[in-house]
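# Examining the three-dimensional arrangement
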Amino acid sequence: MDNQILRLEDVSYAYRSKDPRYVLRDVRVEFRKGTMYAVTGPSGSGKTTLLSLLAGLDVPTSGKVLFRGTDIRETDLLAYRRNSTSLVFQSYNLIDYLTVRENVLLKGPCDPDELLNRVGIGSELWGRSVLKLSGGQQQRVAIARALAGTSEILLADEPTGNLDEETETSIIKILTCCAHKDGACVIVVTHSSRVCAAADEVIELSTINKAVS
Ligand code: ADP
Ligand code: MG
């Protein structure tokens, strides 16, 4: 219980559109520190929506997202986003015209060289434009950037979606290390059976989402 860091309490969400339809309905789930979770489910089942609510990028239509027991809407949402969460996207979201090291520094003051070493990006690449990296290298730079700072919650959306097995293995190692060594709460949306096998808990979204029936 003490380890609990995030909790969704009866969260429902519908995109505001002409024909609002619930993507998430009465979702109840909790997440602990020091644990890696894999969230799975078919395309369109609401996985990215769930991550954006956990990240405080959007707010539920009804229900609450609790961070250490407090509704994130009642806290400084910007501070929550900036200080407590880190996001890794499938599409890397690196800035093309910056170098590897500059991209890592974007998150704020940090030791980019240590972070890049941690994700296995050698010093020969630190001054290179990110455009001249492979997909696997770009994703590792994106993870290094996410690891800058002291975020207790690491959220990743299909981080190994476009990568070969060897690169996937190295990314799985980095993610499990964040949970098991650094004590972070790591939540990974994935279709990969290898990521699921490495996770401490696998959450099949359709089993907790009453919008799916
Ligand atoms: P997943 O990540 O599991 O593929 P998403 O969370 O991206 O699913 O999307 C869940 C559902 O919400 C899908 O039916 C999708 O079409 C819809 N959706 C996603 N983003 C928007 C949006 N900005 N406006 C309206 N509907 C959206
Ligand atoms: Mg998605």
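Our subject is the structure listed above.
In this text, all values refer to a predicted model and were calculated from it rather than measured experimentally.

The next thing to look at is the overall build of the protein. Along the backbone of the protein there are eight helices and nine strands. Relative to the compact-globule value of 17 Å for 213 residues, the protein shows a C-alpha radius of gyration of 17 Å, a close match. Taking the principal axes of its C-alpha atoms as reference, the protein extends roughly 50 × 40 × 35 Å. Within the protein, the fraction of its 213 residues that count as buried is 49%. Looking at the protein as shown, the accessible area adds up to about 10,400 Å², and 48% of this sits on carbon and sulfur atoms. Considering the protein, the positive charge centre built from 25 side chains and the negative charge centre built from 27 side chains are found 3 Å apart.

With antiparallel pairing, the four strands of this open sheet are ordered in space as β2-β1-β4-β5. The two strands at the open ends of the sheet, each matched to only one other strand, are β2 (22–32) and β5 (70–71). In the sheet, strand β4 (residues 62–67) pairs with β5 via two bridges, with the strands oriented antiparallel. Looking across to β5, one finds that Phe-67 is bridged to Thr-70.

Now for the side chain of Glu-158. Along the chain, Glu-158 falls in the loop between β7 (153–157) and α6 (165–180). Of the side chains with opposite charge, Lys-47 comes closest to the buried, unpaired Glu-158, at an N-O distance of 4.7 Å.

Bringing helix α5 (residues 135–147) into the picture now. Over its 13 residues, α5 runs 18 Å from end to end, which matches the ideal 18 Å to within 8%, given 1.5 Å per residue. Burial of α5 is extensive: twelve of the 13 residues sit out of reach of the surface. Of the residues making up α5, those classed as buried are Gly-136, Gln-137, Gln-138, Gln-139, Arg-140, Val-141, Ala-142, Ile-143, Ala-144, Arg-145, Ala-146 and Leu-147.

In this section: the pattern of salt bridges. Evaluation of the coordinates by the stated rule reveals nine salt bridges. For Asp-10, the salt bridge is made with Arg-28, and the minimal N-O distance between the two is 2.5 Å. Taken together, the residues Asp-10 in strand β1 (residues 4–14) and Arg-28 in strand β2 connect sequence positions 18 residues apart. Relative accessible area serves as the criterion here: at 30%, Asp-10 is assigned to the partly exposed category. The residue Glu-114 makes a salt bridge to Arg-118 at a minimum N-O spacing of 3.2 Å. Of the two residues, Glu-114 and Arg-118 both sit in helix α4 (residues 112–118), four residues apart, roughly one turn of that helix. Assessed through its relative accessible area of 37%, Glu-114 is described here as partly exposed.

Each value, and the rule that gives it
Residues numbered from 1 in each chain as written. Chains lettered and ligands numbered in written order. Predicted model: local features only at pLDDT ≥ 70, side-chain atom pairs only at ≥ 80, totals over all residues. Heavy atoms only, no water. Helix = DSSP H or I, 4+ residues; strand = E, 2+ residues; numbered from the N terminus. Rg over C-alpha atoms; globule rule 2.2 N^0.38 Å. Buried < 20%, exposed > 50% of the residue type's maximum accessible area, 1.4 Å probe, protein only. Areas by Shrake-Rupley, 256 points an atom, 1.4 Å probe, with all protein chains shown as cover. Lys, Arg positive; Asp, Glu negative; His and termini not counted. Charge placed at Lys NZ, Arg CZ, Asp CG, Glu CD. Pairing = 2+ DSSP bridges. Salt bridge = Lys/Arg side-chain N within 4 Å of Asp/Glu carboxyl O. Expected span 1.5 Å × (residues − 1).

Just distances and angles here, no functional claims.
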